[in-house]
Amino acid sequence: GQSLEQPSEVTAVEGAIVQINCTYQTSGFYGLSWYQQHDGGAPTFLSYNALDGLEETGRFSSFLSRSDSYGYLLLQELQMKDSASYFCASGQAAGNKLTFGGGTRVLVKP
Amino acid sequence: SAVISQKPSRDICQRGTSLTIQCQVDSQVTMMFWYRQQPGQSLTLIATANQGSEATYESGFVIDKFPISRPNLTFSTLTVSNMSPEDSSIYLCSVGIARSYNEQFFGPGTRLTVL
């Protein structure tokens, strides 16, 4: 089976940096993805790490360490519009499917 | 990328009835996925639907309760059968196109309330 743990909630001010950690226990691990979901909206893909290291996409970066079964999403220069839930998700080599973590609700304050 | 639409966007149903949710994609895709999400909670995969074959259900979900059709490469339906209030949830379809399906595109969801 698979399980992914992430903090339930993070609060920060505009312009700050937030790091959302994700630890996983999976069989047949095939990469770590991150999704953003605003209230009432659909999840949208942010990033994917298949290999160890840092992937940067604008203000958002994602990191993966397979040896530590750990990854994180880094949100920089926080904006009010970044208030949303963020989910890590792991893929499996077999089955072509994702298992989602519990989600981290990020609240950005002025 | 892919653009996905779902119908209906929301519905209120009586217990014991069934609701069929439609998912339409603007391009041909091999695999479609159906998820359930309680408000404020994570996404739980119900089943994976391949065109031309039986859907593959996750533990805790059975075909009799959640029959799925996948008649072609751009369309799928999920039926929630014999509904109870516990089935009240948001149902989402998604498609995986890139990065071994780690990058998925989601429909807007169907908010179901069962009375």
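Residues numbered from 1 in each chain as written. Chains lettered and ligands numbered in written order. Predicted model: local features only at pLDDT ≥ 70, side-chain atom pairs only at ≥ 80, totals over all residues. Heavy atoms only, no water.

## What to know about the interface of chain A and chain B
Many analyses report the size of an interface as the accessible area lost when the parts associate. Heads up, the condition is: Here, two residues are considered to be in contact whenever any of their heavy atoms come within 4.5 Å of each other. Buried area is calculated as the accessible area (1.4 Å probe) missing from two parts once they are joined, with the contributions of both summed. Any carboxyl oxygen of Asp or Glu that lies within 4 Å of a side-chain nitrogen of Lys or Arg is treated as forming a salt bridge with it. The definition of a polar contact used here is a pair of N or O atoms within 3.5 Å, where within protein one atom must be able to donate a hydrogen and the other to accept one, and adjacent residues in sequence count solely through side-chain atom pairs. Strands here are runs of E lasting at least two residues and helices are runs of H or I lasting at least four, both read from the DSSP assignment and numbered beginning at the N terminus. Each residue gets one label: Ala, Val, Leu, Ile, Met, Phe, Trp, Tyr, Cys and Pro are nonpolar, Asp, Glu, Lys and Arg are charged, and the others, such as Gly, are polar.
On the side of chain B, 19 residues touch chain A, which itself brings 19 residues to the contact. Buried surface at the junction of chain A and chain B, summed over both partners, amounts to about 1,600 Å²; 56% is from carbon and sulfur atoms. Inspection of the chain A/chain B interface yields one salt bridge. With a shortest N-O distance of 2.8 Å, A:Lys97 and B:Glu58 are connected by a salt bridge. Counting every contact that joins chain A to chain B gives nine residue pairs in polar contact (both at pLDDT 80 or more). Those elements that provide at least two residues to the side of chain A that touches chain B are strand S4 (29-37), strand S5 (44-49), strand S9 (84-92) and strand S10 (98-100) of chain A. Per-element accounting of the side of chain A that touches chain B gives the leading share, five residues, to S4(A). Looking at the side of chain A that touches chain B residue by residue, the classes come out as nine nonpolar, nine polar and one charged.

## A closer look at the environment of A:Asn96
Mapped onto the elements of the fold, A:Asn96 is located in the loop between S9 and S10. Spatially, the C-alpha atoms of A:Asn96 and A:Tyr30 are 9.2 Å apart, while their sequence positions differ by 66 residues.

## Digging into the sheet that holds strand S1 (residues 3-5) of chain A
Residue and element names in this part refer to chain A. Cut-off, in case you're wondering: Only strands that DSSP links by at least two bridges are regarded as paired with each other. Between N-to-C directions, angles span 0 to 180 degrees; the directions come from axes that are lines fitted to C-alpha atoms, helices contributing only their stretch in contact.
Reading across the sheet, the five strands line up as S1-S3-S8-S7-S6 and stay open at both edges, with antiparallel pairing between neighbours. With partners counted over all chains shown, the strands left at the sheet margins are S1 and strand S6 (53-57), one partner each. Across the sheet, the mean angle from the axis of one strand to that of its neighbour is 20 degrees, orientation sign disregarded. Examined bridge by bridge, S6 and strand S7 (residues 60-65) share five bridges and lie antiparallel to one another.

## Digging into the packing of aromatic side chains
To be explicit about the condition: Ring geometry is summarised as follows: Phe, Tyr and Trp rings, the Trp one being its six-membered ring, pair when their centres sit within 6.5 Å, and such pairs are stacked at plane angles under 30 degrees, edge-to-face over 60 and tilted between the two. Accessibility here uses a 1.4 Å probe with only protein chains present; expressed as a share of the type maximum, an area under 20% marks a residue as buried, one over 50% as exposed, and anything in between as partly exposed.
Tallied over the full model, the rule gives 13 aromatic pairs over all chains. A ring pair is formed by A:Phe100 and B:Tyr35, whose centres lie 5.6 Å apart and whose planes are at 85 degrees; its orientation type is edge-to-face. Here A:Phe100 is found in strand S10, whereas its partner B:Tyr35 is found in strand S4 (residues 31-37) on a different chain. The same class applies to A:Phe100 as to B:Tyr35, namely buried. Taken together, the ring pairs in this structure connect A:Tyr35, A:Phe45, A:Phe87, A:Phe100, B:Tyr35 and B:Phe106 into an aromatic cluster.

## Looking at unusual backbone geometry
With an omega of -10 degrees, the peptide bond between B:Lys7 and B:Pro8 qualifies as cis. Counting through the fold element by element, B:Pro8 comes out in the loop between strand S1 (4-7) and strand S2 (10-13). Despite not being glycine, A:Glu77 has its phi angle at roughly 45 degrees, a positive value. Positionally, A:Glu77 belongs in the loop between strand S8 (70-75) and S9.

## Concerning the pattern of salt bridges
All names here are of chain A. Tallied over the entire structure, the rule returns four salt bridges over all chains. In this structure, the salt-bridge partner of aspartate 82 is arginine 59, at a minimum N-O distance of 2.7 Å. Remark: arginine 59 occurs in the loop between S6 and S7 and aspartate 82 occurs in the loop between S8 and S9; sequence separation between them is 23 residues. Both residues of the pair, aspartate 82 and arginine 59, belong to the buried class.

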